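Breakdown of the fold
Chain by chain, the residues:
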Amino acid sequence: MNQHNRFNPFSSRILERTLLTGSGSTKKTYHLALDLAGSGIAYNPGDSIAILPENDPAEVDLFLKAAQCTGDEPLFDPRSQTEYSLRDYLQCKANLHKPSPAFLRKLPSPPLEDKTVSELVAGAAFSYQEIPSLLLPLLPRFYSIASSQHLYPNEVHLTVASVSYLAGGKIRHGVGTHFLCDRATVGATKVPLYIQSSHGFSLPADPHASIILVGPGTGVAPYRAFLQERLFKQAPGGNWLFFGERHRKHDFYYADFWLALEKEKRLRLDLAFSRDGNEKVYVQHRMWENRKDLWAWIEEGAYFYVCGDAKEMAKDVEAMLQRIFASEGGLSEEEARRKIKALRMEKRYLADVY
Ligand SMILES: Cc1cc2nc3c(=O)[nH]c(=O)nc-3n(C[C@H](O)[C@H](O)[C@H](O)COP(=O)(O)OP(=O)(O)OC[C@H]3O[C@@H](n4cnc5c(N)ncnc54)[C@H](O)[C@@H]3O)c2cc1C
Ligand SMILES: NC(=O)c1ccc[n+]([C@@H]2O[C@H](COP(=O)([O-])OP(=O)(O)OC[C@H]3O[C@@H](n4cnc5c(N)ncnc54)[C@H](OP(=O)(O)O)[C@@H]3O)[C@@H](O)[C@H]2O)c1
């Protein structure tokens, strides 16, 4: 039984942080190993880790300077019924990026540009005691677990894509990924975490059942855990992975692991590198090319999993599966839709998308 949760996280440390993307990549995606020794934490493939990140101290300093505070001011947080120093509160508890409606009402006029709370605070009229009610809370960030605890009893592995983007004329970093990928010192910085159970996105109970795994980008993370677990347990069911990223040369995450499994005939592997050719190739195009076998696997009882981007990919993959059901099963559009619904009800169509 895990005793750690959002209000009582385990204080972990990063044991290892390695770049999965090559030097020519347009992304920075990291493999992280976090220490669980002494935590009593148990996890299963399909579970996620919730990380409680800290804001960048430079951003906190910016806020304090603009608010003409030292950071030593005591602050009572009614949400947690805890007293903090203002600096600690801003560092660990407050969302310094997205201004709340209550905070915006404290400004003389609405901001014209996309600005962070720290950039707007100079013009706002409030007393520091109001901060807990004016700022949104800093929420946990979730990451799919990429390891099996049978292989790593005292570790948990993650696959984290660093987020940075241009807004309001400045380069912005995602709070959680900047903390994990850039700011935390390996072996030293405390990383508060707890387990978020999968709620159904898990391996079939029957080890003979086959699994079809669709996971472009960081969506591949849980499948590393799935495959490690299935190999450890010598599950005889078939394993089929559809992975996609931008470039094979730079962005083929955990390539050695997948290619070795393919060589040993423990894994069927289909790859879609979207920016290697003149035309975009996505995982769903590989599904279509392999539609006869895909239909046969499903008809023989395979479980279908999709993980990664929710906005476009997951919908397009579902639409492709529906098209394959119609084409290979001779089903009408409505019948194919109902078949997907039935698979969902049977918990044989499982999605973990974000
Ligand atoms: C169940 C689950 C599992 C997940 N698993 C993983 C995983 O295995 N690996 C992984 O890397 N992530 C995973 N995520 C996503 C992860 O939780 C975070 O959302 C992600 O890392 C970004 O967090 P952040 O704190 O760095 O960014 P934030 O500080 O939260 O910033 C992200 C926000 O920045 C803004 N933004 C981002 N890009 C742009 C842009 N180009 N232009 C303008 N605004 C932009 C958007 O408002 C966006 O919501 C998962 C999410 C869930 C819910
Ligand atoms: N806001 C942003 O700018 C931004 C940027 C990156 C990621 N993200 C988010 O971060 C999460 C994870 O991203 P990630 O880095 O793991 O990878 P990702 O952005 O999901 O990309 C992985 C691969 O999927 C491809 N892809 C894009 N659209 C697709 C579609 N409709 N169907 C199938 N494949 C598609 C990408 O190709 P192409 O890139 O060549 O099209 C790439 O090859 C997602 O939630 C994503 O939405 C946001």
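The numbers attached to residues start from 1 for each chain and follow its sequence in the written order. Chain letters start at A and ligand numbers start at 1, both assigned in the order the entries are written. Only residues with pLDDT of at least 70 are given local features in this predicted model, and only at 80 or more are side-chain atom pairs given and counted; all residues enter the totals for whole chains, interfaces and linings. Here the side-chain values reflect all heavy atoms present in the structure, with hydrogen atoms and water set aside.

Regarding the packing of helix H11 (residues 291–299) against helix H12 (residues 313–329)
Look at H11 against H12: their axes get within 10 Å of each other, and the N-to-C directions meet at 90°. Judged on the interaxial angle alone, H12 and H11 are roughly perpendicular. Contacts between H11 and H12 involve Arg-291, Lys-292, Leu-294, Trp-295 and Ile-298 on the former and, on the latter, Leu-321, Ile-324, Phe-325, Ser-327, Glu-328 and Gly-329. For this classification, the nonpolar set comprises Ala, Val, Leu, Ile, Met, Phe, Trp, Tyr, Cys and Pro, the charged set comprises Asp, Glu, Lys and Arg, and every other residue, Gly included, is treated as polar. Residues belonging to the contact of H11 with H12 are distributed by class as follows: six nonpolar, two polar and three charged. Here the axes come from fitting lines to C-alpha atoms, over the contacting stretch only for helices, and the angles between their N-to-C directions go from 0 to 180 degrees. Labels follow the DSSP assignment, with helices taken as runs of H or I lasting at least four residues and strands as runs of E lasting at least two, numbered in each case from the N terminus. For classification purposes, angles smaller than 35 degrees are called roughly parallel, those larger than 145 roughly antiparallel, those between 65 and 115 roughly perpendicular, and all remaining angles oblique. Contacts between residues were defined by any pair of non-hydrogen atoms, one from each residue, lying within 4.5 Å.

Looking at the sheet that holds strand E15 (residues 303–308)
Here, strands pair whenever DSSP counts at least two bridges between them. Read across the sheet, five strands follow the order E14-E13-E12-E15-E16 without closing on themselves; strand pairing throughout is parallel. The sheet is open, and its two borders are formed by strand E14 (268–273) and strand E16 (349–353), each paired with just one other strand. In this sheet, neighbouring strand axes are inclined to one another by 10° on average, regardless of whether the strands run parallel or antiparallel. Pairing geometry for strand E12 (residues 211–214) and E15, over four bridges, is parallel. Looking across to E15, one finds that Ile-211 is bridged to Tyr-303. In the packing of H11 onto the sheet, contacts are made with E12, strand E13 (239–245), E14 and E15, and the angle to E13 comes to roughly 135°.

Considerations on the site of ligand 1
Nearness is judged by heavy atoms alone; a residue qualifies as near a molecule or strand once a single heavy atom is within 4 Å of it. Looking at ligand 1, there are 16 residues lining it, with Arg-141, Phe-142, Thr-159, Gly-176 and Thr-177 nearest. Distance and chemistry together define a polar contact, namely a pair of N or O atoms within 3.5 Å, with one atom able to donate a hydrogen and the other to accept it when in protein, and with adjacent residues in sequence counting only for side-chain atoms on both sides. Thr-159 has a polar backbone atom sitting 2.8 Å from a nitrogen atom of ligand 1. For the accessible areas, the method is Shrake-Rupley and the probe is 1.4 Å, while residue cover comes only from the protein chains on display. Protein chains bury 62% of the 980 Å² of accessible surface belonging to ligand 1 in isolation. Counting only elements with at least two residues in the shell around ligand 1, the list comes to strand E7 (141–144), strand E8 (155–161) and helix H6 (175–183). By residue class, the composition of the shell around ligand 1 is eight nonpolar, six polar and two charged.

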